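# Report on the structure
This is what each chain is made of:
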Amino acid sequence: MKPKALSHVVFLVFIQSLPSADAAAASEVRQVYDVTGKKVLHNAPYYIGPVIWAKGGGIKLTNTKDNKKVCPFYVVQDPAEVNRGGHFNFLLNGRDSDEKYLLKSHALSIESGSPEGPCDKGSYWQIPYVKAKVPSNFITTGGSFERAVSCFQVMDYPKPTSPKVHSYMLQHCPSFCGAGPGGCFNVSLNLDKGVRVGYGGTAPFEFVFQKAK
Ligand SMILES: *[C@@H]1O[C@H](CO)[C@@H](O)[C@H](O)[C@H]1NC(C)=O
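Residues numbered from 1 in each chain as written. Predicted model: local features only at pLDDT ≥ 70, side-chain atom pairs only at ≥ 80, totals over all residues. Heavy atoms only, no water.

## Section: the site of the ligand
In the neighbourhood of the ligand, the contacting residues comprise P158, C184, N186, T202 and P204. At a separation of 2.3 Å, an oxygen atom of the ligand approaches a polar side-chain atom of N186. Coverage of the ligand by the protein chains reaches 49% of its 360 Å² of free accessible surface. When the residues that make up the shell around the ligand are grouped by side-chain class, the tally is 3 nonpolar, 2 polar and no charged. (Near = heavy atom within 4 Å. Polar contact = N/O pair within 3.5 Å; in protein donor to acceptor, adjacent residues only side chain to side chain. Areas by Shrake-Rupley, 256 points an atom, 1.4 Å probe, with all protein chains shown as cover. Nonpolar A, V, L, I, M, F, W, Y, C, P; charged D, E, K, R; others polar.)

Set out below in structure tokens:
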């Protein structure tokens, strides 16, 4: 008799606590934190780089590869650990464009601030041919907001290097924003003639957010 009564009470408490576990709590668990533990702002400039800035520096754009000009630009890791790289704005897609904070598991586009030029129609990151093999699936600029080719999401890194900092991985999920290959592709770094270039691969790149001043 006793265990039965006890489970009844537990059940009631659970039901009653449901209405308060509302949208606020739901968005709390989807919050993204920077390396200092502060919530990452939506549509604000951040550096992104490895947890231990010893295996190279932050992510940046480059207009030169193999001593040749590339256009649109490539998204690469700065080889020097002292460099934080470039800063990028993460913009939520859909009806959440007025959110104050960035959310994980949410379709977004990444704005690089690269100047628009004759060969660079947009400044958003894109992977035009994610199902192609390296180097055709490298991340470049030239994308537009909220398109399949420029559709990404931030996810928790499954096995963080440090329990003290929030680290993340990026996924490219074309079908979340438009017509494109289904599923998600982890953003990886590929060492290509001494330059670690971002591409749509399998092994995710673990990174942290650092607010740009
Ligand atoms: C992406 O990375 C996660 C974590 O390492 C892994 O479990 C998953 O299989 C990867 N996805 C793909 C498509 O490779």
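## What to know about the state of the cysteines
Applying the stated criterion to the full structure yields 2 disulfides. With its sulfur 2.0 Å from that of its partner, C151 forms a disulfide with C177. Disulfide C151-C177: torsion about the S-S bond near 65°, hence right-handed. In this pair, C151 is assigned in the loop between β7 (140-143) and β8 (152-156) and C177 in the loop between β9 (168-172) and β10 (185-192), connecting sequence segments 26 residues apart. C177 carries the same exposure label as C151, and that label is buried. Across the disulfide from C173 sits C184; the S-S distance is 2.2 Å. Its S-S torsion of approximately 115° makes the covalent link between C173 and C184 right-handed. Note that C173 is positioned in the loop between β9 and β10 and C184 in the loop between β9 and β10, a separation of 11 residues in sequence. For C173, a relative accessible area of 0% gives the class buried. (Disulfide = S-S within 2.5 Å. Helix = DSSP H or I, 4+ residues; strand = E, 2+ residues; numbered from the N terminus. Buried < 20%, exposed > 50% of the residue type's maximum accessible area, 1.4 Å probe, protein only.)

## Let's talk about the confidence of the model for the protein chain
In the predicted model, the protein chain carries a mean pLDDT of 87, and the fraction of residues at 70 or more is 86%. For residues 1-20, every residue scores under 50 in pLDDT, and the model assigns this stretch 0 contacts once sequence neighbours within four places are set aside. (pLDDT = per-residue confidence, 0-100. Contact = heavy atoms within 4.5 Å.)

## Considerations on the packing of aromatic side chains
Taken as a whole and judged by the stated rule, the model has 9 aromatic pairs. Between Y46 and F209, the aromatic rings sit 5.9 Å apart at their centres with planes inclined by 85°, giving edge-to-face as the arrangement. One end of the pair, Y46, is in strand β1 (residues 45-49); the other, F209, is in strand β12 (residues 208-211), with 163 residues separating them in the sequence. Judged by centre distance (5.4 Å) and plane angle (65°), the ring pair of F207 and F209 falls under edge-to-face. F209 carries the same exposure label as F207, and that label is buried. Here the aromatic residues Y46, F90, Y168, F205, F207 and F209 are joined through ring pairs into a cluster of three or more. Stacked on the ring of Y101, the Lys or Arg K39 has its end atom at 5.0 Å from the ring centre. (Phe/Tyr/Trp six-rings, centres within 6.5 Å; stacked < 30°, edge-to-face > 60°. Lys NZ or Arg CZ within 6 Å of the ring centre and 35° of its normal.)

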